[in-house]
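# Understanding the architecture of this molecule
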Amino acid sequence: MLKLYGFSVSNYYNMVKLALLEKGLPFEEVTFYPTPTPQSLAISPRGKVPVLGVDAGYINETGIILEYLEQTQKGTPLLPSDPFARAQVLAIAKEIELYIELPGRACYGEAFFGSPVPEAIKEKTKAELLLGFAALGRHGKFAPYVAGDSLSIADLYFLYSVPLACAVGQKLFGIDLLAEMPKAKVLLERLEQSPHVQKIAADKEAAMPAFLAMIAAKK
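Residues numbered from 1 in each chain as written. Predicted model: local features only at pLDDT ≥ 70, side-chain atom pairs only at ≥ 80, totals over all residues. Heavy atoms only, no water.

Right, let's talk about the sheet that holds strand β3 (residues 51–54) for a bit. The strand order across the open sheet formed by 4 strands is β2-β1-β3-β4, and the pairing between neighbours is mixed. Two strands close off the open sheet at either side, each with one partner strand: β2 (27–31) and β4 (57–60). Going across the sheet, the axis of each strand differs from the next one's by a mean of 25°, ignoring polarity. In terms of strand pairing, β3 meets β4 through 4 bridges, oriented antiparallel. The partner of leucine 52 across the bridge, within β4, is isoleucine 59. In the packing of helix α1 (residues 11–23) onto the sheet, the strands contacted are β1 (2–6) and β2, and the crossing angle to β1 comes to about 160°. (Pairing = 2+ DSSP bridges. Helix = DSSP H or I, 4+ residues; strand = E, 2+ residues; numbered from the N terminus. Axes fitted to C-alpha atoms, helices over the stretch in contact; angles between N-to-C directions. Contact = heavy atoms within 4.5 Å.)

Here you go:
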């Protein structure tokens, strides 16, 4: 059976978890907080989550895990079979990761945990988020899903990256990053009504106390 290593508060972990649920694949969740120990780094070379355990060993990096699942597992496809359409989905997913998720992450400490972030970093995050959301507005179709008429890997990145970045935008800069993208707002509402997404949200809420305790212990 596939094993998903990580913790339910991680947005990247939840991207893979949603893919597994949408594809109807049996899997086991293994709570895993990476530590700089040889045992931990043998599972996750950079000490990141998620990691997928398979018969042959471990697979790390969210994008690689998602493509592996598409190539090796049955169930609902999350990538088109047409090479060009497939490339478009993966490009949008990568754009969301590089230009929305990662810039927003630089300010998660202040937005969500009250840990001040230097002004220079906040200004850089603000500028990059504005550019990232502009790119999403140009490339995303929202017809009704991010890349077209069916759920895809792009939607997984969208669902678990955009709301976090929007929270950063609202809390730190007082801006609505989706103000010019009403279809994106509608899609978020639609995705949040999914039973699988709601299960993941409930699991995240249940896991939050242990996660916060782990963070506090590191201070």
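UniProt's feature table lists "domain: GST C-terminal" (unreviewed entry) at residues 82–210, given in the numbering used throughout. Annotation note: span residues 82–210, helix share 76%, strand share 0%, distance between end C-alpha atoms 43 Å. (UniProt positions renumbered as here; feature names shortened; annotations may be inferred.)

Examined against the element boundaries, glutamate 192 turns out to sit in helix α8 (residues 182–192). Along the primary structure glutamate 192 and leucine 159 are separated by 33 residues, whereas in three dimensions their C-alpha atoms are 8.3 Å apart. Excluding residues that lie within four positions of it along the chain, glutamate 192 makes contacts with Leu159, Val197 and Gln198.

Taken together, the side chains of Leu98, Tyr99 and Leu102 present a nonpolar region at the surface, about 260 Å² in accessible area. By the secondary structure assignment, tyrosine 99 is in helix α4 (residues 83–105). (Patch = residues over 30% accessible without salt bridge, like charges linked within 9 Å, V, L, I, M, F, W, Y side chains within 5 Å. Areas by Shrake-Rupley, 256 points an atom, 1.4 Å probe, with all protein chains shown as cover. Salt bridge = Lys/Arg side-chain N within 4 Å of Asp/Glu carboxyl O.)

Regular strands place their side chains on alternate faces of the sheet. Of the strand pairs in this sheet, β1 and β2 are connected by 5 bridges, and their pairing is parallel. Opposite lysine 3, over in β2, you have glutamate 28 as the bridge partner. Where the polypeptide runs from β1 across α1 and back to β2, its parallel neighbour, the crossover connection is right-handed. (Right-handed = clockwise from strand over helix to strand, strands pointing away.)

Attention shifts here to the nonpolar core. Here is a general trend for soluble globular proteins: nonpolar side chains tend to be buried in one another's company. Among the nonpolar cores identified, the biggest contains 58 residues, and Leu69, Phe133, Leu136, Phe158 and Val162 are the most heavily contacted of them. The element that contributes the greatest number of residues to this core is helix α7 (residues 153–173), accounting for 12 residues. When near neighbours in sequence (up to four residues on either side) are disregarded, phenylalanine 158 contacts Ile96, Leu136, Phe142, Val146, Pro163, Ala184, Leu187, Leu188 and Leu191. Of all hydrophobic cores here, the second largest spans 10 residues; its members include Tyr5, Phe32, Phe211 and Met214. (Core = buried A, V, L, I, M, F, W, Y, C linked by side-chain atoms within 4.5 Å. Buried < 20%, exposed > 50% of the residue type's maximum accessible area, 1.4 Å probe, protein only.)

Turning our eyes to something else, we now look at the side chain of serine 40. Mapped onto the elements, serine 40 comes out in helix α2 (residues 38–43). For serine 40, a relative accessible area of 5% puts it in the buried group. The residues contacting serine 40, other than those within four sequence positions of it, are Phe32, Pro34 and Thr35.

Here, UniProt's "domain: GST N-terminal" (unreviewed entry) annotation points to residues 1–77. Across residues 1–77 one finds 39% helix and 23% strand; the C-alpha atoms that close the span lie 19 Å apart.

Next up on the list: unusual backbone geometry. The bulk of non-glycine residues show a negative phi, and the bulk of peptide bonds are trans. At the junction of valine 49 and proline 50, the peptide bond is cis and its omega measures out at 5° in the coordinates. Cis geometry marks the peptide bond from alanine 143 to proline 144; its omega dihedral reads -5°. With respect to the helices and strands, the residue proline 144 is situated in the loop between α6 (119–139) and α7. Its identity is not glycine, yet glutamate 61 carries a phi of approximately 80°, on the positive side.

Within the element layout of this structure, alanine 135 appears in helix α6. In this structure, the C-alpha to C-alpha distance between alanine 135 and phenylalanine 84, residues 51 residues apart in sequence, is 19 Å.

With burial as the criterion, each face of β3 is covered, one bearing Val51 and Gly53 and the other bearing Leu52 and Val54. Pairing of β1 with β3, which is carried by 3 bridges, proceeds in the antiparallel orientation. Note that in β3 the partner of tyrosine 5 across the bridge is valine 51.

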